[in-house]
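Here is what each chain is made of, one letter per residue.
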Amino acid sequence: MPFYDKIVELQNIDTEAITESVTASQVAKLLDKSELRYEDYLALLSPVAAHMLEEIAQRAYKVTLHNFGRCILLYTPLYLADYCVNYCVYCGFNASNQIQRRKLSLPEVDLEAQEIVKTGLKHILILTGESREHSPVSYIRDCVCILRKYFSSIAIEIYPLSADEYAELIAAGVDGLTIYQEVYDEQIYSRLHPKGPKRDYRFRLEAPERAGRAGIRTINIGPLLGLGNWPREVFLAGVHAAYLQRRFPDVEVSISFPRMRPQCGDYEPEHPVSDQELVQSILALRLFLPRVGITISTRESAILRDNLIPLSVTKMSAGSSTVVGGHTDSIGGIGQFEISDNRTVDEMREVIAGHGYKPILKDWHDLT
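Rules of the game
- Residues numbered from 1 in each chain as written.
- Predicted model: local features only at pLDDT ≥ 70, side-chain atom pairs only at ≥ 80, totals over all residues.
- Heavy atoms only, no water.
- Disulfide = S-S within 2.5 Å.
- Buried < 20%, exposed > 50% of the residue type's maximum accessible area, 1.4 Å probe, protein only.
- Helix = DSSP H or I, 4+ residues; strand = E, 2+ residues; numbered from the N terminus.
- Arc of directions from axis to C-beta.
- Contact = heavy atoms within 4.5 Å.
- 1 Å grid on protein atoms, 1.4 Å probe; cavity = no way out; pocket = protein on both sides within 12 Å on 5 of 7 lines; lining within 4 Å.
- Points joined across faces, edges and corners; volume = space filled by probe spheres on them.
- Nonpolar A, V, L, I, M, F, W, Y, C, P; charged D, E, K, R; others polar.
- Expected span 1.5 Å × (residues − 1).
- Phe/Tyr/Trp six-rings, centres within 6.5 Å; stacked < 30°, edge-to-face > 60°.
- Lys NZ or Arg CZ within 6 Å of the ring centre and 35° of its normal.
- Core = buried A, V, L, I, M, F, W, Y, C linked by side-chain atoms within 4.5 Å.
- Axes fitted to C-alpha atoms, helices over the stretch in contact; angles between N-to-C directions.
- Parallel < 35°, antiparallel > 145°, perpendicular 65-115°, else oblique.
- Left-handed = near helix turned anticlockwise from the far one by under 90°.
- Salt bridge = Lys/Arg side-chain N within 4 Å of Asp/Glu carboxyl O.

Chemist: Help me out: how do you make sense of the state of the cysteines in this one?
Modeler: Every disulfide links exactly two cysteines, by a covalent bond between their sulfur atoms. Scanning the entire structure with this criterion turns up zero disulfides. Considering cysteine sulfurs only, C91 is the nearest to C88, which forms no disulfide, with 5.8 Å between them. For C91, a relative accessible area of 14% corresponds to the buried category.

This is the structure in C-alpha cells:
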C-alpha cells in the first residue's frame, strides 16, 4: 500500500480529541513499554504528557544511548541554486519574491567544496530551488560528480524526482535524500501551495518511496512546524517514518522537525510551536521509533541545540548558510531563511565533546 493510501485513512482520526482524553497514568505506563503503538505515540504528544517531560526525557536518553551511543554526526548544507517555479507562501524562494537569483557554475561548486572540506566535514547536503529549467537533473548530476571528490556522503534536498531520476543520481554518487512534506494536512497543503508543480501533494508524499525503490541509502523526512496543528503533524510524520522503516528495512530513516524561521516575505506561522512543544515532539518520536535518526538544524538556537544533545538527537548541521555559494561568497545574497545558530564546525565539535559526546565527521564510505 502506498503511504498516500495510509494517510487517507489517518485523516479521519480526531487527534485532538484523543490527546485531550489522555491521562497521566496512561503516559506513565508507556514509559515501561518496549514497543509503542500509534495510539501510544499520540498519547506522548498530549497536553498531559507535556507536564511529564522530565520522566519522558530520562527514558528517551536511555533509548538513544542504547541505540546510537554518544555520537552526533555533523554535516553542512550547500545551496547550488535558488531559482524556483513554486509559489509556496511561506518560503523565501517563492517565485513571486523579487530577489536576485543565482546558480553556481561547476567551477564555483568546486570552490565551495574546497572551502567546506577544510572544516573536516565529509557529509554534505546539496539544495536547489525547485526549477527543473535552471537546475535540471543533469546539472545536479554534474555537481555531484565534482563533490564526490571531496565528500563521502552526498544527500540531496531538491524537487521530487521519478524513481529513474533518483537512480541516475545514486549512480553518480548520491546516497541520501532529504525531502519535507512541509505539511501533512492535505487541505492546508493545497492552500499553502497555490501554484507550481509542488501543488501535487501525492507526488511529493511518495518521493521517499521512489527513492527507496531506486536504492537510496538514507531518507530524511519531516513536517515544517508552524504550518499545521503540531501534534497532528508530528504524529503523521512519525507514522510516515515507521512506514518507510518497514517498507525499506535496509534504508536509514531519519526525521527532522524544522520550525518556521523569518524569510523573504510576510508569512507568519499560523500554528507557532514553542521550544517545549518541539522538545516534546522529539522525545515522543524517540520512544515511538527507537532506531530513527533525529536531525536538528541551525534553524534552532544555540542554547536549545546544546540542551538537546544528551536527549535524542543523532545529527546536527554546522557552519551553515542558506545563501547560494554562501561558503565562499554570501555578500548580497538572500538566503532561503534566517539561520539561528551561526557557530562554525570547530565550535560545534567543541560543544558536542564538552557534553561527553563524540562529533562524527564521517560514518560511511562508498567503496564502489
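Chemist: For this particular structure, what's the right way to read helix 1 (residues 3–10)?
Modeler: In an α-helix, one turn spans 3.6 residues; hence positions three or four apart end up facing the same way. Inspection of helix 1 places F3, Y4, I7 and L10 among the buried residues, and these make up the whole buried set. One side of helix 1 carries all its buried residues, which in axial view fall inside an arc of 115°. Each element contacted by the buried residues of helix 1 is listed here: helix 10 (186–192), helix 11 (201–205), helix 12 (207–214) and helix 13 (230–247).

Chemist: Quick question: what am I supposed to make of empty space enclosed by the protein here?
Modeler: Where empty space is left can be seen by rolling a probe of water-molecule size over the atoms. With the rule as written, the count across this model stands at two cavities of 30 Å³ or more. Volume-wise, the second largest cavity comes out at about 40 Å³. The wall of the second largest cavity is formed by I179, Y180, Q181, Y184, R204, L205, P208, I221, G222 and H240. Residue classes in the lining of the second largest cavity are distributed as six nonpolar, three polar and one charged.

Chemist: How should I be thinking about helix 14 (residues 275–288) in this particular structure?
Modeler: In this model, helix 14 (14 residues) spans 20 Å end to end at C-alpha, consistent with the 20 Å of a helix rising 1.5 Å per residue. Along helix 14, eleven of the 14 residues are buried, which leaves the element largely enclosed by surrounding structure. L278, V279, Q280, S281, I282, L283, A284, L285, R286, L287 and F288 are the residues of helix 14 that are buried.

Chemist: I'm lost on the layout of surface pockets in this one. Help?
Modeler: The calculated volume of the largest pocket comes to roughly 400 Å³. Forming the boundary of the largest pocket are 18 residues, of which F68, E252, R291, T314 and D363 lie nearest the centre. Looking at the lining of the largest pocket, the elements with two or more residues in it are strand 1 (71–81) and strand 6 (252–256). Broken down by class, the residue content of the lining of the largest pocket amounts to nine nonpolar, four polar and five charged.

Chemist: In this structure, what is going on with the packing of aromatic side chains? I would like to understand it.
Modeler: In this description, a pair of aromatic rings is defined by centroid distance and the angle of the planes. One pass over the full model with this rule turns up nine aromatic pairs. Taken together, a centroid distance of 6.5 Å and an interplanar angle of 90° make the contact between Y38 and F235 edge-to-face. Of the two residues, Y38 is situated in helix 4 (residues 38–43) and F235 in helix 13; the sequence distance between them amounts to 197 residues. Among the residues examined, Y38 registers a relative accessible area of 22% and is labelled partly exposed. By relative accessible area, F235 is classed as buried at 3%. Ring geometry for Y41 and F235: centres 5.9 Å apart, planes at 35°, overall tilted. A residue pair is termed long-range when its members are at least 10 positions apart, and Y41 in helix 4 and F235 in helix 13 qualify at 194 residues. Through pairs of rings, three or more aromatic residues link up here, namely Y38, Y41, F235 and F288. When the ring centre of F203 is taken as origin, the NZ or CZ atom of R210, which lies over that ring, is 3.8 Å away. K315 extends its terminal NZ or CZ atom over the ring of Y75, reaching a point 5.0 Å from the ring centre.

Chemist: Looking at this model, I keep getting lost on the nonpolar core. Mind explaining?
Modeler: One broad trend across soluble globular proteins is that nonpolar side chains are buried collectively. One finds I56, Y90, I126, Y184 and F257 to be the most contacted residues of the largest nonpolar core, which totals 122 residues. With ten residues, helix 13 is the single largest residue contributor to this core. Ignoring anything within four residues of it in the chain, the contact list for I56 reads V27, L31, L44, A49, L283 and L287.

Chemist: What is the right way to read the packing of helix 6 (residues 53–68) against helix 14 from this model?
Modeler: Pairs of packed helices are described in terms of their axes, by the angle between the two and the distance that separates them. At their nearest, the axes of helix 6 and helix 14 sit 9 Å apart, and the two run at 50° to each other. On the basis of their axis angle, the class for helix 6 and helix 14 is oblique. Taken as a pair, helix 6 and helix 14 cross one another with a handedness that is left-handed. Here L53, I56, A57, R59, A60, V63, T64 and F68 of helix 6 come into contact with helix 14, specifically with Q276, Q280, L283, R286 and L287. In terms of residue class, the contact of helix 6 with helix 14 is built from eight nonpolar, three polar and two charged.

Chemist: Just checking my understanding: could you explain the environment of G228 for this structure?
Modeler: Tracing the sequence through the fold places G228 in the loop between strand 5 (218–221) and helix 13. Sequence separation between G228 and N342 is 114 residues; the distance between their C-alpha atoms is 27 Å. Aside from chain neighbours lying at most four places away, what touches G228 is V183, I188, E233 and H271.

Chemist: I keep staring at the environment of T19 and nothing clicks. Help me out?
Modeler: For T19, the location among the structural elements is in helix 2 (residues 15–20). Residue classification places T19 among the buried positions, given a relative accessible area of 6%. Apart from the residues lying within four places of it in its own chain, the contact partners of T19 are L42, L45, S46 and P47.

Chemist: Where do I start with unusual backbone geometry in this structure?
Modeler: Among all residues save glycine, negative phi is the norm, and among peptide bonds the norm is trans. Although it is not a glycine, E182 adopts a positive phi angle of roughly 75°. Note on placement: E182 falls in the loop between strand 4 (176–178) and helix 10. Under the relative-accessibility criterion, E182 is labelled buried at 9%.

Chemist: Would you explain the pattern of salt bridges in this entry?
Modeler: Two side chains carrying opposite charge are able to pair once their charged atoms lie near each other. Applying the stated criterion to the full structure yields 23 salt bridges. With its nearest N and O atoms 2.7 Å apart, the salt bridge here joins D40 to K33. Classification of D40 as buried rests on a relative accessible area of 6%. Salt-bridge contacts for D366 lead to R148; the nearest nitrogen and oxygen are separated by 3.2 Å. Of the two residues, D366 is situated in the segment after strand 9 (358–360) and R148 in the loop between helix 8 (137–147) and strand 3 (153–157); the sequence distance between them amounts to 218 residues. By relative accessible area, D366 is classed as partly exposed at 27%. Of the residues examined, R148 reaches a relative accessible area of 34% and is grouped as partly exposed. It is possible to trace a salt-bridge network through shared partners that takes in K33, R37, E39 and D40.

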